[in-house]
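Reading the structure
Spelled out, the chains give:
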Amino acid sequence: MGEAYDFTAHRRLLDVGGGTGAFPVGLCRRHPHLRATVLDLPRIAAMAREKVVGLGLSEVIEARDGDFLRDERLPDGHEVILLSMILRDWDEGTGRRLLDKCFAALPPGGAVIICELVLDDDERGPAPAALMGLNMLLETRSGHNYTYAEYRGWLADAGFGPVTVLPPDAAGANAALVARKPNRVRNGSRRLSPCHEGEFGRESINSTCVRRTRGG
């Protein structure tokens, strides 16, 4: 990720569902000016804190307890938000709402990075993304691998600007989609889809929305 995207313009990174902080550790070592927050459930955040302390990076990386599904807002004060292999675990409605939270948490000009195994728009490949998509269907309640067009649509509906696709140097991902929050957000510019309706919760299953979007 550090080679694919230029982090020099950012001071603070938020890694949503960042586990034990593998990405922030690598990025902060590569970019000494960068400070990072790992947001994850308390048990995982405790593991991240232990790892960060052991690496001598406690002044650079903070691990914060949180639930990106249930919390009303994401922590603010960050210019870039990373969603690495997160959106594929959930249905479309949940993914859209998470992107709404990212948009709200970012300052104007801030960026969101989606790092995933992304399907081609015809959904026939590439093979690793298609196989992972099958795995998501078998092992999660509502997960799915999504296409470039779907992610672009979600980001646009959340209010983000044009999407840039970068090749990441990350295991388990074939693309990093980068979109920025416009410096000026026009009133009424964000379009709400039916997928925004309903309770935002960890057990949310919005298969009807997914089927309708896919035309199935």
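Along each chain, numbering runs from 1 in the same order as the chain's sequence is written. Under the rules for a predicted model, residues below a pLDDT of 70 receive no local features and side-chain atom pairs below 80 are neither given nor counted, while totals for whole chains, interfaces and linings still include all residues. Where side-chain values are given, they derive from all heavy atoms of the structure, hydrogens and water being excluded.

Further remarks concern the packing of aromatic side chains. Classification of ring pairs rests on two measures: the distance between centres of Phe, Tyr or Trp rings, Trp counted by its six-membered ring, which must be within 6.5 Å, and the angle between planes, read as stacked under 30 degrees, edge-to-face over 60 and tilted in between. Counted under the stated rule, the structure contains 5 aromatic pairs. For the ring pair Tyr5 and Phe7, a centre distance of 4.8 Å and an interplane angle of 85° mean the geometry is edge-to-face. Each member of the pair, Tyr5 as well as Phe7, is classed as buried. A centroid spacing of 5.4 Å and a plane angle of 80° characterise the contact between Tyr151 and Trp154, whose relative ring orientation is edge-to-face. Of the two residues, Tyr151 and Trp154 both sit in helix H5 (residues 148-158), 3 residues apart, roughly one turn of that helix. Trp154 carries the same exposure label as Tyr151, and that label is buried. Summary of the burial criterion: residues with accessible area below 20% of their type's maximum are buried, those above 50% are exposed, and those between are partly exposed, where the area comes from a 1.4 Å probe applied to protein chains only. Comment: elements are numbered from the N terminus, with helices defined as DSSP H or I runs of at least four residues and strands as E runs of at least two.

On to unusual backbone geometry. Here the phi dihedral of Met85 falls at roughly 55°; this positive angle occurs in a residue that is not glycine. Looking at the secondary structure, you find Met85 in the loop between strand S4 (80-84) and helix H3 (92-105).

Another point: the pairing of strand S2 (residues 35-40). For a regular strand, side-chain orientation follows a simple rule: the groups alternate between the two sheet faces. When you tally the buried positions in S2, you get 5 out of 6 residues, the bulk of the element. Whether two strands pair depends on DSSP finding at least two bridges between them. In terms of strand pairing, strand S1 (residues 12-16) meets S2 through 5 bridges, oriented parallel. Across the sheet, the residue bridging to Val16 is Leu39, located in S2. Both S2 and strand S3 (residues 61-65) contribute to a ladder of 5 bridges, which runs parallel. In the sheet register, Thr37 faces S3, and the bridge partner there is Glu62. Read as a crossover between parallel neighbours, the route from S2 over helix H2 (residues 42-54) to S3 is right-handed. Look down the strands so they point away from you; if going from the first strand over the helix to the second traces a clockwise path, that crossover is right-handed.

Right, let's get into the nonpolar core. Residues belong to a common nonpolar core when they are buried Ala, Val, Leu, Ile, Met, Phe, Trp, Tyr or Cys residues joined through side-chain atoms within 4.5 Å. Counting 30 residues, the largest nonpolar core has Phe68, Leu74, Leu83, Val112 and Phe160 as the members making the most contacts within it. Going through the elements one at a time, S1, S4, H3, strand S5 (111-116), H5 and strand S7 (175-180) are the ones with two or more residues in this core. In what follows, residue pairs with any heavy atoms lying within 4.5 Å of each other are defined as contacts. Once residues within four sequence positions are removed from consideration, Leu74 is found in contact with Leu14, Val16, Leu39, Phe68, Ile81, Leu98, Lys101, Cys102 and Ala105. If you look at the next biggest cluster of nonpolar residues, it comprises 23 residues, including Ala36, Leu57, Leu166 and Ala173.

The next subject is the pairing of S1. In terms of burial, S1 is a largely internal element, 4 of the 5 residues being buried. Each parallel crossover has a hand, and for S1 linked through helix H1 (residues 22-30) to S2 it is right-handed. Bridge count for S1 against S4 is 3 bridges, and the pairing is parallel. Bridging across to S4, Leu13 finds its partner in Val80.

What follows is about the environment of Arg11. When you line up the elements, Arg11 lands in the segment before S1. Non-local contacts of Arg11, meaning those with residues more than four positions away in its chain, are made with His33, Leu34, Arg35 and Glu79.

So, on to the environment of Leu27. Position of Leu27 relative to the elements: it lies in helix H1. With a relative accessible area of 3%, Leu27 lands in the buried category. Separated by 14 residues in the primary sequence, Leu27 and Leu13 place their C-alpha atoms 9.3 Å from one another.

Okay, H3 next. Given a helix with a known number of residues, its expected span is that number minus one, times 1.5 Å. Taking 1.5 Å as the rise per residue, H3 with 14 residues should run 20 Å; its terminal C-alpha atoms sit 20 Å apart, in good agreement. By the criterion of burial, H3 is predominantly enclosed, with 13 of the 14 residues buried. Capping of H3 at its N-terminal end is provided by Asp91; its side-chain oxygen lies 3.0 Å from the backbone amide nitrogen of Gly93. What qualifies as a polar contact is a pair of N or O atoms within 3.5 Å, subject to a donor-acceptor requirement within protein and to the restriction that residues adjacent in sequence count only when both atoms come from side chains.

So, about the pattern of salt bridges. For salt bridges, the criterion is a side-chain nitrogen of Lys or Arg within 4 Å of an Asp or Glu carboxyl oxygen. Applying the stated rule across the entire model yields 6 salt bridges. With its nearest N and O atoms 3.8 Å apart, the salt bridge here joins Glu116 to Arg88. Of this pair, Glu116 sits in strand S5 while Arg88 sits in the loop between S4 and H3; the two residues are 28 residues apart in sequence, bridging distant segments of the chain. Relative accessible area serves as the criterion here: at 0%, Glu116 is assigned to the buried category. The network of salt bridges with shared partners includes Glu92, Arg96 and Asp157.

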